[in-house]
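Examination of the molecular architecture
So you can see what is in the structure, the chains are spelled out below.
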Amino acid sequence: MRGGQSLAEALESYLAEWSERTGIAVETWALPSTDVPSRVSSGVMATMREALSNVELHSRARTVSIAVTAGKSGLRMTISDNGQGFLLSANGRGLARMRAAFAEIGGSLSVNSVLGEGTTVTGVVPRHR
């Protein structure tokens, strides 16, 4: 994050730049309204960049939907595209990097893909007591 920028602001500007550059529409369903610890924000941004890079390079999607929420139970991130999907057995380095980024911040990441329908990446970071 650039100096003092919230996760929501960082995501907003990144998503706008990415959409303009790639021509792929971004629907933002939710962005965190509360402060998110910088460590968690960094992990979310790294995962978002990797996921959108995969969308751009492989999916042939026309639209990506993004939701990032933060609350009492923790943070949840969902990135869904309407692209061609892929066989999950074809796990690439990008998925490994995204899982590692979420594991580093105490979270977990799941990927669901349906051939011909698209891919959804969901990351959850529970709030630490």
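Each remark here, short or long, concerns the structure printed above.
In what follows, the accompanying structure is described. Just so it is clear, the structure is predicted and the values come from calculations on it, not from any experiment.

Quick look at the nonpolar core
- Within the largest apolar cluster, 30 residues are counted, with the highest numbers of intra-cluster contacts made by M48, L52, L75, M77 and I79.
- Those elements that place two or more of their residues in this core are α1 (7–22), α2 (38–59), β2 (63–71), β3 (74–81), α3 (93–104), β4 (108–114) and β5 (118–126).
- No other element matches α2, which puts seven residues into this core.
- In this view, I79 contacts M48, A51, L52, V64, S65, I66, T119, T120 and V121; residues no more than four positions away in its chain are not counted.

Focus: the layout of surface pockets
- In this structure, the largest pocket spans a volume of roughly 410 Å³.
- At the level of elements, α2, β3, α3 and β5 are the ones that each hand at least two residues to the lining of the largest pocket.
- Among the elements that line the lining of the largest pocket, the one with the most residues is α2, at six residues.
- When the residues that make up the lining of the largest pocket are grouped by side-chain class, the tally is eight nonpolar, nine polar and four charged.

Some words on the packing of α1 against α2
- Viewed as axis vectors pointing N to C, α1 and α2 meet at an angle of 15°, and their least axial separation amounts to 11 Å. Between α1 and α2, the angle is such that the two are roughly parallel. In this structure, the crossing between α1 and α2 has a hand that is right-handed. For the pair α1 and α2, contact is made by L7, A10, L11, Y14, L15, W18, R21 and T22 and by S41, V44, M45, M48, R49, L52, V55 and E56, respectively.

Quick word on α1
- The end-to-end C-alpha distance of α1 is 22 Å, a good match for the 22 Å that 16 residues give at a rise of 1.5 Å each.
- Taken together, the buried positions of α1 are L7, A8, A10, L11, Y14, L15, W18 and S19. Looking straight down α1, one finds its buried side chains confined to an arc of 150°; they lie on one side. Exposed residues pointing more than 90 degrees away from the buried face of α1 are listed as E12, E20 and R21.
- Directly after α1, the chain includes G23, whose backbone phi takes a positive value near 80°.

So, the sheet that holds β2
- In space, the five strands of this open sheet follow the order β1-β2-β3-β5-β4, with mixed pairing throughout. Each end of this open sheet is capped by a strand with a single partner; those strands are β1 (25–30) and β4. With strand direction ignored, the average angle separating the axes of adjacent strands in the sheet is 10°.
- Sheet topology places β2 next to β3; eight bridges connect them, and they run antiparallel. Bridge pairing links T69 to R76 in β3.
- Running at roughly 160° to β1, α1 makes contact with β1, β2 and β3 of the sheet.

What counts and how
- Residues numbered from 1 in each chain as written.
- Predicted model: local features only at pLDDT ≥ 70, side-chain atom pairs only at ≥ 80, totals over all residues.
- Heavy atoms only, no water.
- Core = buried A, V, L, I, M, F, W, Y, C linked by side-chain atoms within 4.5 Å.
- Buried < 20%, exposed > 50% of the residue type's maximum accessible area, 1.4 Å probe, protein only.
- Helix = DSSP H or I, 4+ residues; strand = E, 2+ residues; numbered from the N terminus.
- Contact = heavy atoms within 4.5 Å.
- 1 Å grid on protein atoms, 1.4 Å probe; cavity = no way out; pocket = protein on both sides within 12 Å on 5 of 7 lines; lining within 4 Å.
- Points joined across faces, edges and corners; volume = space filled by probe spheres on them.
- Nonpolar A, V, L, I, M, F, W, Y, C, P; charged D, E, K, R; others polar.
- Axes fitted to C-alpha atoms, helices over the stretch in contact; angles between N-to-C directions.
- Parallel < 35°, antiparallel > 145°, perpendicular 65-115°, else oblique.
- Left-handed = near helix turned anticlockwise from the far one by under 90°.
- Expected span 1.5 Å × (residues − 1).
- Arc of directions from axis to C-beta.
- Pairing = 2+ DSSP bridges.

Note that every value here comes from positions in space, so none of it alone points to a role or purpose.
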